[in-house]
Amino acid sequence: MSKNMKSISFAALLIIIALISIFIGRGLESGKVFAIGESYDELKVFAEVLSLVQKNYVEETKTKDLVYGAIKGMLTTLDPHTSFMPPEVYKEMQVDTKGEFGGLGIQIGIKDNQLAVISPIEGTPADKAGIKAGDKIIKIDNASTKDMTLIDAVGKLRGQKGTKVTITIIREGVSEPFDVVIVREIIKIQSIKHRMIEGNIGYIRVTQFQEQTGEDLKKALKKLEAEKVQSIIMDLRNNPGGLLSMAVEVSEQFLESGKLVVFIKDRRGEKDEFTSRNTAPIKNYPMVVLVNEGSASASEIVAGALQDWGKAIVVGTQTFGKGSVQTVVPLSDGSGLRLTTARYYTPKGKSIQSTGIAPDIVIKLPVSKTAKEGKKEKTILREKDLERHLKNDTIKEEPAPQIDEETMPLIGDEKTEKEDIQLQKAIELLKTWKIFKELNPEKKAG
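Residues numbered from 1 in each chain as written. Predicted model: local features only at pLDDT ≥ 70, side-chain atom pairs only at ≥ 80, totals over all residues. Heavy atoms only, no water.

Peer 1: It is not clear to me how helix α3 (residues 63-75) should be interpreted in this structure. Could you clarify?
Peer 2: Along an α-helix, residues three or four apart share an orientation, since each turn contains 3.6 residues. With 13 residues, α3 extends 18 Å between its outermost C-alpha atoms, agreeing within 8% with the 18 Å of an ideal straight helix rising 1.5 Å per residue. Of the positions making up α3, those classed as buried are Val67, Tyr68 and Leu75. Along α3, the residues classed as buried sweep out an arc of 100° about the axis, all on the same side. (Helix = DSSP H or I, 4+ residues; strand = E, 2+ residues; numbered from the N terminus. Expected span 1.5 Å × (residues − 1). Buried < 20%, exposed > 50% of the residue type's maximum accessible area, 1.4 Å probe, protein only. Arc of directions from axis to C-beta.)

Peer 1: Would you mind going over the packing of helix α7 (residues 213-226) against helix α8 (residues 244-252) with me for this structure?
Peer 2: Geometry of a packed helix pair, given as the angle between the helix axes and the separation of the axes. Running from N to C, α7 and α8 cross one another at 25°; their axes reach a closest spacing of 8 Å. One element, α7, and the other, α8, form an angle in the roughly parallel class. Like other packed secondary-structure pairs, α7 and α8 cross with a definite hand, here right-handed. Here α7 contributes Thr213, Gly214, Glu215 and Leu217 to the contact with α8, which in turn contributes Met246, Glu249 and Val250. Residues of the contact of α7 with α8, tallied by class, amount to 3 nonpolar, 2 polar and 2 charged. (Axes fitted to C-alpha atoms, helices over the stretch in contact; angles between N-to-C directions. Parallel < 35°, antiparallel > 145°, perpendicular 65-115°, else oblique. Left-handed = near helix turned anticlockwise from the far one by under 90°. Contact = heavy atoms within 4.5 Å. Nonpolar A, V, L, I, M, F, W, Y, C, P; charged D, E, K, R; others polar.)

Peer 1: What exactly am I supposed to notice about the sheet that holds strand β16 (residues 313-316) here?
Peer 2: To summarise the sheet geometry, strands pair through backbone hydrogen bonds and adopt either a parallel or an antiparallel arrangement. Pairing in this open sheet of 6 strands is mixed, and the strands run β10-β11-β12-β15-β16-β19 from one edge to the other. The open sheet terminates on both sides in strands that have one partner only, identified here as β10 (192-197) and β19 (361-362). Inspection of the sheet shows strand β12 (residues 231-235) paired to strand β15 (residues 287-291) by 4 bridges, in the parallel sense. What sits directly across from Ile232, in β15, is Met287. Sheet strands touched by α7: β10, β11 (201-206) and β12. Its angle to β10, the strand with the most contacts, is close to 15°. In the packing of helix α9 (residues 298-308) onto the sheet, contacts are made with β12, β15 and β16, and the angle to β15 comes to roughly 145°. (Pairing = 2+ DSSP bridges.)

Peer 1: Looking at this model, I keep getting lost on the pairing of strand β18 (residues 336-345). Mind explaining?
Peer 2: The two faces of a sheet get side chains in turn, since along a regular strand they alternate between them. Of the pairings in the sheet, the one linking strand β1 (residues 83-85) to β18 comprises 3 bridges and is antiparallel in character. By the bridge assignment, Ser83 is partnered in β18 with Arg338. As paired strands, strand β13 (residues 260-265) and β18 are joined by 3 bridges and run antiparallel to one another. If you follow Lys265 over to β18, its bridge partner there is Arg343. Connecting the antiparallel pair strand β17 (residues 324-330) and β18 is a turn made up of 5 residues, with Gly334 showing a positive phi of about 90°.

Peer 1: What am I meant to see in the side chain of Arg195 here?
Peer 2: Note that Arg195 resides in strand β10. Within the local environment of Arg195, its side chain forms a polar contact with the side chain of Glu417, the two groups lying 2.8 Å apart. (Polar contact = N/O pair within 3.5 Å; in protein donor to acceptor, adjacent residues only side chain to side chain.)

Peer 1: Whenever I open this one, unusual backbone geometry confuses me. Can you help?
Peer 2: One non-glycine residue, Asn142, lies in the positive phi region at around 70°. Residue position: Asn142 is located in the loop between β5 (136-140) and β6 (143-144). Overall, the relative accessible area of 63% leaves Asn142 in the exposed class. A positive phi angle, near 70°, is found at Ser354, a position not held by glycine. Note that Ser354 resides in the loop between β18 and β19. According to the relative accessible area criterion, Ser354 is buried, its value standing at 1%.

Written as structure tokens, this is what we have:
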């Protein structure tokens, strides 16, 4: 057997072993063992192509690069949140939940095979450079982003502090693409920000759900209590999510012990429930939760749980709709697989996937001058806009609303607090809470 054929056989064998491990692993959970004969037939074709490329391609190739490329190609047929992470990317992903990494500070997604900005993170280099939600990134350092995976894009956007990256942007209303040069910084995401507003209202902004978010919220609430807080506004706008465990920890500070926060269900219908284990007195304040199209994943879990249990009035616009569960599986060579394995459901059994959380009170953003003049408004990027997104299995998807956000003030900015109509509505509700609660009796989750 030739050296090339040995490497081909070995590569094919590794893939078959990986498939056996996955299928048997899942099968053992449900008491079944899956046959792999059919999969092996398809893998013979893969081995043939690998052989032809290695023998006849115009330039020398590396088996590892070809196999990694094949894996990435396979996963692009699935939903947009499933991805393969080479060792260096997987290692970097593990630091994300610590709340500190080197990069630009933007949340990104794929729309129409193009990299699109979901939202910049406030106070980061991207935010300061004027990057906006809805911007299309067509190049990163002159490399086209067409058909680029999210993982590859993140790898190119991140880097050491002080290094520069040039991104080429297409923006609604701007006739030509333009370059933005951004200097990378250490992105330290402060997950909880709080202050007193309007006398006795506690304003809590949750920017992301990290390892310390639950504890940080407890500390913030203690400080607000020392200042005689009477009601709470929790601002989850433009919060892209994070750790499921932290969504539960945040929710349970306002729920009695044993209350269902969220449950997940896999393709076999098996459920895993996450309930409040709160042993401290619950924070039973009149409460408003602010959400918008940038509120995703863990943010939607918190909003959905507090809404279903009648613990808060949800105000704002329809949320992003990221209601799928990703399981990160470490692989033998130091790489990792981020695999979508289940969907999230609120305590009442509503799927968050693609539809998101509907506010109790919808407060749309101001209409900008361009919209008034009849110019085309831009559609805010949501989960349902992403290529190959999973469908909602409990609610029919509706067309994405047309929203223009140009005149929206910076969220959480004290200087523009009076211009923030969603925040002002929350303040108004809390000031008239007793009257409002009589008109809107407490909900009970089923």
